Amino acid sequence: MDRGASERFPLRRREVAGRLLADPGDLLVVAGLGSTAWDVTAAGDRPLNFPLWGAMGGAAMLGLGLAIAQPERRVLVITGDGELLMGLGSLATIAVQRPANLALVVFDNERYGETGMQATHTAHGVDLAGVAAACGFPITGTLREEDELEAALPAIRTGPGPVLYVAKVRAEPLPFALPPKDGAYLKDRFRRALLGEDARAP
Amino acid sequence: MDAAAGGWPDRIHRVLGELDVRQVAYVPDAGHTRLIELCQADPAMRAVPLTTEEEGVALAAGAWLGGQRAVLLLQSSGVGNCINMLALNQVCRLPLLMLVTMRGEWGELNPWQLPMGQSTAEALEAAGVIVQRLEAPEGAGETVRAAGNMAFEGQVPVAVLIAQRLIGAKSFDR
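Criteria and thresholds
Residues numbered from 1 in each chain as written. Chains lettered and ligands numbered in written order. Predicted model: local features only at pLDDT ≥ 70, side-chain atom pairs only at ≥ 80, totals over all residues. Helix = DSSP H or I, 4+ residues; strand = E, 2+ residues; numbered from the N terminus. Rg over C-alpha atoms; globule rule 2.2 N^0.38 Å. Buried ≥ 20, exposed ≤ 12 C-beta atoms within 10 Å, placed from the backbone. Contact = placed C-beta atoms within 7 Å. Axes fitted to C-alpha atoms, helices over the stretch in contact; angles between N-to-C directions. Parallel < 35°, antiparallel > 145°, perpendicular 65-115°, else oblique. Left-handed = near helix turned anticlockwise from the far one by under 90°. Nonpolar A, V, L, I, M, F, W, Y, C, P; charged D, E, K, R; others polar. Arc of directions from axis to C-beta. Pairing = 2+ DSSP bridges. pLDDT = per-residue confidence, 0-100.

### Some remarks on the overall build of chain A
Right, so step 1: In terms of regular secondary structure, chain A is built from eight helices and eight strands.
Right, so step 2: Expected size for 202 residues packed as a compact globule is a radius of gyration near 17 Å; at 16 Å, chain A falls within 12% of this value.
Right, so step 3: Each principal axis of the C-alpha distribution contributes one length, and for chain A these read about 55 × 35 × 30 Å.
Right, so step 4: Relative to its full complement of 202 residues, chain A shows a buried share of 47%.
Right, so step 5: A fraction of 73% describes how many contacts in chain A between residues 6 or more apart in sequence connect residues 24 or more apart.

What follows is the structure, given as structure tokens:
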């Protein structure tokens, strides 16, 4: 096996994030901890982003709770391969609930980027889109080239969910783009933007 | 017991409805069987079975972000799975209502349940969760209402530990 293969993947994570969030409108975005939180922030910090600094393995389930609570809004979870591997069972849980408004895009560089670029299981062939398909996600796929990403955008934005795409992205060092780290602030600004100025305990 | 009022799970279900709880995350559990069935049958509630308890901590966080209240039904043996995910509640000041049926205490016949059962309250408190105990069925409704009000009005995590003595120790005769 070519252990350095992901250093030559054509898709670049910051460009993929930029494409997914080019015209976000009222899209509700959850970003898994680490690199994907930085990628989403590099595309533009906004109140309807909820970037995680911890809670590893929880991004997909956070997206599910949000999607159930807001069935008229599109929810996009952007997370990494390592983060999703830690909560793999959540794909089964999400498939059972079948939220039509939930899409996940996994930025898969086959590495634990924040801890020293150790190989994740996907470097050894674990197929996260295959897992999602086996769980029952109606739309899944693996994206390796820019034209494949472009072709998948409509399904990510409006396809009947749950949708999961794996974007195979280059393993590369990038500058940090840090979102606010005060979780209570992130939560309050998200709820205010979504539920109105007087958002309180519903 | 007042037959018309139902058992303690019926009273907890009624209080969850009055608290406007809309998402019910659960793992299969003998002690919660009746409550799970009531929630599944309630059109105002979305029952979400989990593969592991920490999924429910994250689900409840997402629900709150979206303007809904959630409850997490679990057993004491699953509390340990939740610990790291409970950072969400402390750091983001997010509410969480956990209803924990106890194993590993009164009359437990399975020694493998003892380590987590004997450290449930301590583990939750170490993770910043307020712990209340329900010892007798009569107090079920008011205890859950009090815990829910604290959680949702104060935006803090609160766990109600439902005593094994109330549920009964699991029998291994079959």
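On we go.
### Looking at the packing of helix 1 (residues 13-20) of chain A against helix 2 (residues 35-42) of chain A
Residues and elements named next belong to chain A.
Right, so step 1: As a packed pair, helix 1 and helix 2 sit with axes 8 Å apart at the nearest point and diverge in direction by 55°. For the element pair helix 1 / helix 2, the angle class is oblique. Crossing handedness for the pair helix 1 and helix 2: right-handed. Residue-level contacts link Arg13, Arg14 and Ala17 of helix 1 to Ser35, Asp39, Val40 and Ala42 of helix 2.
Right, so step 2: For the contact of helix 1 with helix 2, the per-class residue count stands at three nonpolar, one polar and three charged.

### Some points on helix 2 (residues 33-41) of chain B
Residues and elements named next belong to chain B.
Right, so step 1: Every buried residue of helix 2 is accounted for by Leu35, Ile36, Leu38 and Cys39. Along the long axis of helix 2, the arc covered by the buried residues comes to 165°, so they all point the same way. Turned more than 90 degrees off the buried face of helix 2, the exposed positions are Thr33 and Ala41.
Right, so step 2: Here the buried face of helix 2 lies against helix 1 (8-18), strand 1 (21-26), strand 2 (46-49) and strand 3 (69-75).

### Thoughts on the sheet that holds strand 5 (residues 130-134) of chain B
Residues and elements named next belong to chain B.
Right, so step 1: The six strands lie next to each other as 2-1-3-4-6-5, forming an open sheet whose pairing is parallel. Of all the strands in the sheet, the pair left with one neighbour each is strand 2 and strand 5. Strand-to-strand, the axes of this sheet are offset by a mean angle of 20°, without reference to chain direction.
Right, so step 2: In the sheet, strand 5 pairs with strand 6 (residues 157-162) via five bridges, with the strands oriented parallel. Pairing of Leu134 across the sheet is with Ile162, part of strand 6.
Right, so step 3: Contacting strand 3, strand 4 (96-101), strand 5 and strand 6, helix 6 (residues 140-154) runs over the sheet at an angle of about 165° to strand 6.

### So, the confidence of the model for chain B
Right, so step 1: On average, residues of chain B score 94 in pLDDT, and 97% of them are at 70 or above.
Right, so step 2: Here the predicted complex carries an ipTM of 0.96, next to a pTM of 0.96.

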